[in-house]
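Survey of secondary and tertiary structure
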Protein chains: 2
Amino acid sequence: MRVAGIIVEYNPFHNGHLYHLQKTREITNADIVVGVMSGNFIQRGEPAIVNKWARTKMAILNGVDVIFELPFAYACNSAEIFAYGAISILNQLGVDFIVFGSECGDIDKLKETAKHLAFEEDDFKSSLKSYLKEGYSFPKARELALIKTCKTNIEFSSNNILGIEYIKWIYRLNSKIEPFTIRRIGASYNDPNLTQDTYASATAIRRNINNLHAIKNKMPSVSYEILLEEFESGRGPVILEDYFKLFIYNAIVVPDFLKNKIDVKEGLENRFEKYIFNSPSAKNLLENVKTKRYTLTRLQRIFIHAIVRNNFDQKALLSITPYVRVLGFNYKGKEYLNKIKDKIEYITKLNQQWLKNPQYKELLELEIRSSMLHALQYKDFHKYLQTEFKSSPIYISSRS
Amino acid sequence: MRVAGIIVEYNPFHNGHLYHLQKTREITNADIVVGVMSGNFIQRGEPAIVNKWARTKMAILNGVDVIFELPFAYACNSAEIFAYGAISILNQLGVDFIVFGSECGDIDKLKETAKHLAFEEDDFKSSLKSYLKEGYSFPKARELALIKTCKTNIEFSSNNILGIEYIKWIYRLNSKIEPFTIRRIGASYNDPNLTQDTYASATAIRRNINNLHAIKNKMPSVSYEILLEEFESGRGPVILEDYFKLFIYNAIVVPDFLKNKIDVKEGLENRFEKYIFNSPSAKNLLENVKTKRYTLTRLQRIFIHAIVRNNFDQKALLSITPYVRVLGFNYKGKEYLNKIKDKIEYITKLNQQWLKNPQYKELLELEIRSSMLHALQYKDFHKYLQTEFKSSPIYISSRS
């Protein structure tokens, strides 16, 4: 049985994602494609527009065989930590391949850069050190050191960076996963504009989320229908702005609420303090606070972490092995899950037993908290606050 | 100069309040009437429907000469603590009289009961002890002990209780203030219904706050106009339900968020836990949690204290002397304030100097926090979060 893994957010599932899925089967000739998916908050530090259960349904109905959860602590984090979480889960599952989109589309280039990062050869290390001394932030210093010491010339765009991180962790974890990349088609990851093209970035779709007519042809019809159903039931779209009041609330009732928090350094809390009580929106606040080092995405994650009260030791995240939790599957996925169940312990239904497991306790508590805070934005939130304990994985026996 | 004090909430200022004010002048023949008014949260554990600045304007335009602030820590609290705060401020001001409304309207009866409470004569004390042993809550045991040992027969209705507490503190503080009472006219304090009568309880008015036509004739036109202006500017009506999401938020992110909090005893936190994540509204939640001992009003205060993060030592409140802060005044009030300024230190404009005063620091911080949380419910809250530091007392030189 050939198994391919993909690392996804599906926020929401669009035509570009379908292309990625088809290419994954084509390149790897896999019998099974499993996805590791961000939960209710995504890597860019935003809430997912609809919750993970709806997005799992989209994924399975569009042909992914199993969806596993990337825990909040990893999903809503830097490329390095996000990648570690995803690769660690796929490695536990023992998948044979991963296929990811990148701007460069050249796996050899990405591998070479990743090798440098994974084993930090001496010249790279000393170069990194000197850039850090010059005052560059760690990611920037690392990029500059790579450019200087690594022969390949690669653009440090968001998907290239993620791809390099995936491969780095494959090397570091001594994993047998074989990585493939495809060049991303259509709009780039961050292109905020919708065109006539049937391919659009998830970012562009989210920005136009209230213009349903405009986004309809950018995604498979099942995605669109699920999106509609979620919105009509008051379970979305959930956006960053919905959390602004809660952020301000924290600033009011918790003295120094950002001090010594994850990734808050260099007096960033003072920049927040300057703008927090006179900004009309989260967008405006974060634009005001933004600096070269603190990009919008980084600030958004700090914003979300403050609300979720995420105090997880960030270094510890890279040394523990995350839990494996099934969110949904189809008939083929069911067979696959049956086959692996003797080899690997995975969560299907969350219960107190899992929460007592010291290895997973903190990750799961954070996951539950973040899910409750996603649900808090739904119209009838009292019906959904306890969804984590009530939900079983989504099973779809056929592609209907 | 004869000075009368009144203790008010004006939420909002209605015809019954005007009657009380006129009677106060009539009975005491006072030159000056000063009011001590609840700020942005009221004794029943609810936000004021419009903020203290708007309500101060109502008061001054309706003829009160000066409005002083009853700090949040006292205002949003039990009758005993509320009364202590108010009497302590009026006593510092050296007013000659207080006039309050009560259901019984008989000052001698109220005085006699208050005397018992103030000095807790031996038979009362032992009776109280035995009722407590029988399992009654403190207020109920005290009521039963009073009925048993005090010759007067008095109904323990909300305004009688407040009146008794006022007089008790006059005795305890050895104050020279002379108390008067008038029988409340029209609807009772808690009557939730509006009638054709031009007198209605503040509770009834608040319940019909969105039916502006129905409440218009229950209040002086200046009150109505100020109310309208506040609503049209998005600064109200602020209601308890507006805080429901913040309460749930606290329950999600703070483990045991009610444990050992003010007035939370006898496993009340477990009752909350049972209902908190499946109740559709604050009203529904509190109705579910309600018991004989934990009345709705008491639960509402617990609800507000949780949101404001009020951890003020409740016993300490009865031994410190609260600050005196001017919220507004008219021409006569200005003269009065000039006259007393050598005798008593009062706050006009809040600044860091006052906040550094160790005697007032905690009270003021709580006041500011509660004001910010009131403002957080306005449409353009970012314009009002720092109002406490920007506002000067309201001065109205003539009655319009």
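It should be emphasised that the depicted structure is a prediction, and the values quoted were computed from it without experimental measurement.

**Digging into helix α14 (residues 282–289) of chain A**
Residue and element names in this part refer to chain A.
- Within α14, burial applies to Ala282, Leu285, Leu286 and Val289. Mapping the buried residues of α14 onto a view down its axis gives an arc of 90°, with all of them on the same face.
- Among the structural elements, α12 (244–253), α13 (268–275) and α15 (296–308) are those in contact with the buried residues of α14.

**Brief notes about the domain arrangement of chain A**
Residue and element names in this part refer to chain A.
- Split by domain assignment, chain A resolves into domain 1 (3–103 + 182–235 + 317–396) and domain 2 (240–315).
- Placing the centre of domain 1 and that of domain 2 at their C-alpha centroids yields a distance of 26 Å.
- Contact with domain 1, which involves 25 residues of that partner, is made by 17 residues of domain 2.
- Summed over both partners, the interface of domain 1 with domain 2 buries about 1800 Å², with 58% contributed by carbon and sulfur atoms.

**Let's talk about the sheet that holds strand β5 (residues 178–183) of chain A**
Residues and elements named next belong to chain A.
- The strand order across the open sheet formed by seven strands is β5-β4-β1-β2-β3-β6-β7, and the pairing between neighbours is mixed. Across the chains shown, the open sheet's two edge strands, defined by having one partner strand only, are β5 and β7 (394–396). Geometrically, the sheet is characterised by an average inter-axis angle of 20° between neighbouring strands, direction not taken into account.

**Overview of the interface of chain B and chain A**
- Listed as interface residues are 26 residues of chain B and, on the opposing side, 26 residues of chain A.
- Summing both sides of the interface, chain B and chain A together bury roughly 2400 Å²; the carbon and sulfur share of this comes to 72%.
- Here chain B and chain A share zero salt bridges between them.
- Run the count over chain B and chain A and you get six residue pairs in polar contact (both at pLDDT 80 or more).
- Those elements that provide at least two residues to the side of chain B that touches chain A are α12 (244–253), α15 (296–308) and α19 (361–375) of chain B.
- Per element, the largest residue contribution to the side of chain B that touches chain A is eight residues, and it comes from α12(B).
- Of the residues that constitute the side of chain B that touches chain A, the class distribution is 17 nonpolar, six polar and three charged.

**Quick look at the relation of the copies chain B and chain A**
- Of the transformation superimposing chain B on chain A, the axial component is 0.0 Å and the angular component is 180°, with the fit at an RMSD of 0.0 Å. Here the two chains are linked by the operation of a two-fold rotation axis. Within chain B, Leu246(B) has its C-alpha nearest the rotation axis, a separation of 3.7 Å.
- Same-surface contact between copies: 100% of interface residues of chain B are shared with the interface of chain A.

**A look at the pattern of salt bridges**
Residues and elements named next belong to chain A.
- Throughout the structure, instances matching the rule amount to 40 salt bridges over all chains.
- Close ionic contact of Lys52 with Glu69 constitutes a salt bridge, the shortest N to O distance being 2.6 Å. Of this pair, Lys52 sits in helix α2 (residues 52–61) while Glu69 is found in strand β3 (residues 66–70), placing the two residues 17 residues apart along the sequence. For the residue pair Lys52 and Glu69, the accessibility class agrees, reading buried in each case.

**Things to note about the environment of Arg172(A)**
All names here are of chain A.
- In this structure, Arg172 sits in helix α8 (residues 158–172).
- Considered as a pair, Arg172 and Tyr384 are 212 residues apart in the sequence and their alpha carbons are 39 Å apart.
- Among residues more than four places away in sequence, those in contact with Arg172 are Leu117, Ala118 and Glu120.
- Within the structure, the side chain of Arg172 is placed 2.8 Å from the backbone oxygen of Ala118, a separation counted as a polar contact.

**Things to note about the environment of Ser233(B)**
Residue and element names in this part refer to chain B.
- If you trace the backbone, Ser233 turns up in the loop between α11 (221–232) and α12.
- When its relative accessible area of 28% is taken as the criterion, Ser233 is described as partly exposed.
- At 2.8 Å, the side chain of Ser233 and the backbone oxygen of Glu229 are in polar contact.

**Some remarks on the packing of aromatic side chains**
- What the rule picks out here adds up to 37 aromatic pairs over all chains.
- Seen in terms of ring centroids, Tyr84(B) and Trp169(B) are 4.8 Å apart; in terms of plane orientation they differ by 75°. Their pairing is edge-to-face. Within this pair, whereas Tyr84(B) is found in helix α4 (residues 79–93), its partner Trp169(B) is found in helix α8 (residues 158–172), the two being separated by 85 residues in sequence. Note on accessibility: Tyr84(B) and Trp169(B) belong to one class, buried.
- Here Phe100(B) and Tyr166(B) contribute two aromatic rings whose centre-to-centre distance is 5.5 Å and whose plane-to-plane angle is 70°, an arrangement assigned as edge-to-face. Remark: Tyr166(B) occurs in helix α8 and Phe100(B) occurs in strand β6 (residues 97–102); sequence separation between them is 66 residues.
- When its relative accessible area of 5% is taken as the criterion, Tyr166(B) is described as buried.
- Pairwise contacts between aromatic rings join Phe247(A), Phe257(A), Phe272(A) and Phe303(A) into one cluster.
- Its end group placed over the ring of Tyr294(A), Arg298(A) keeps NZ or CZ at 4.2 Å from the ring centre.

**Some remarks on the nonpolar core**
- Judged by nonpolar contacts, the single largest core of 213 residues is most densely connected at Leu93(A), Leu93(B) and Tyr336(B).
- With residues up to four places along the chain from it excluded, the contact list for Tyr336(B) reads Met1(B), Val3(B), Ile32(B), Val34(B), Val66(B), Phe68(B), Leu93(B) and Val95(B).

How each quantity is defined
Residues numbered from 1 in each chain as written. Chains lettered and ligands numbered in written order. Predicted model: local features only at pLDDT ≥ 70, side-chain atom pairs only at ≥ 80, totals over all residues. Heavy atoms only, no water. Buried < 20%, exposed > 50% of the residue type's maximum accessible area, 1.4 Å probe, protein only. Helix = DSSP H or I, 4+ residues; strand = E, 2+ residues; numbered from the N terminus. Arc of directions from axis to C-beta. Contact = heavy atoms within 4.5 Å. Domains from an automatic or database assignment. Buried area = accessible area lost by both parts, 1.4 Å probe. Pairing = 2+ DSSP bridges. Axes fitted to C-alpha atoms, helices over the stretch in contact; angles between N-to-C directions. Salt bridge = Lys/Arg side-chain N within 4 Å of Asp/Glu carboxyl O. Polar contact = N/O pair within 3.5 Å; in protein donor to acceptor, adjacent residues only side chain to side chain. Nonpolar A, V, L, I, M, F, W, Y, C, P; charged D, E, K, R; others polar. Least-squares fit on C-alpha atoms with pLDDT ≥ 70 in both. Phe/Tyr/Trp six-rings, centres within 6.5 Å; stacked < 30°, edge-to-face > 60°. Lys NZ or Arg CZ within 6 Å of the ring centre and 35° of its normal. Core = buried A, V, L, I, M, F, W, Y, C linked by side-chain atoms within 4.5 Å.

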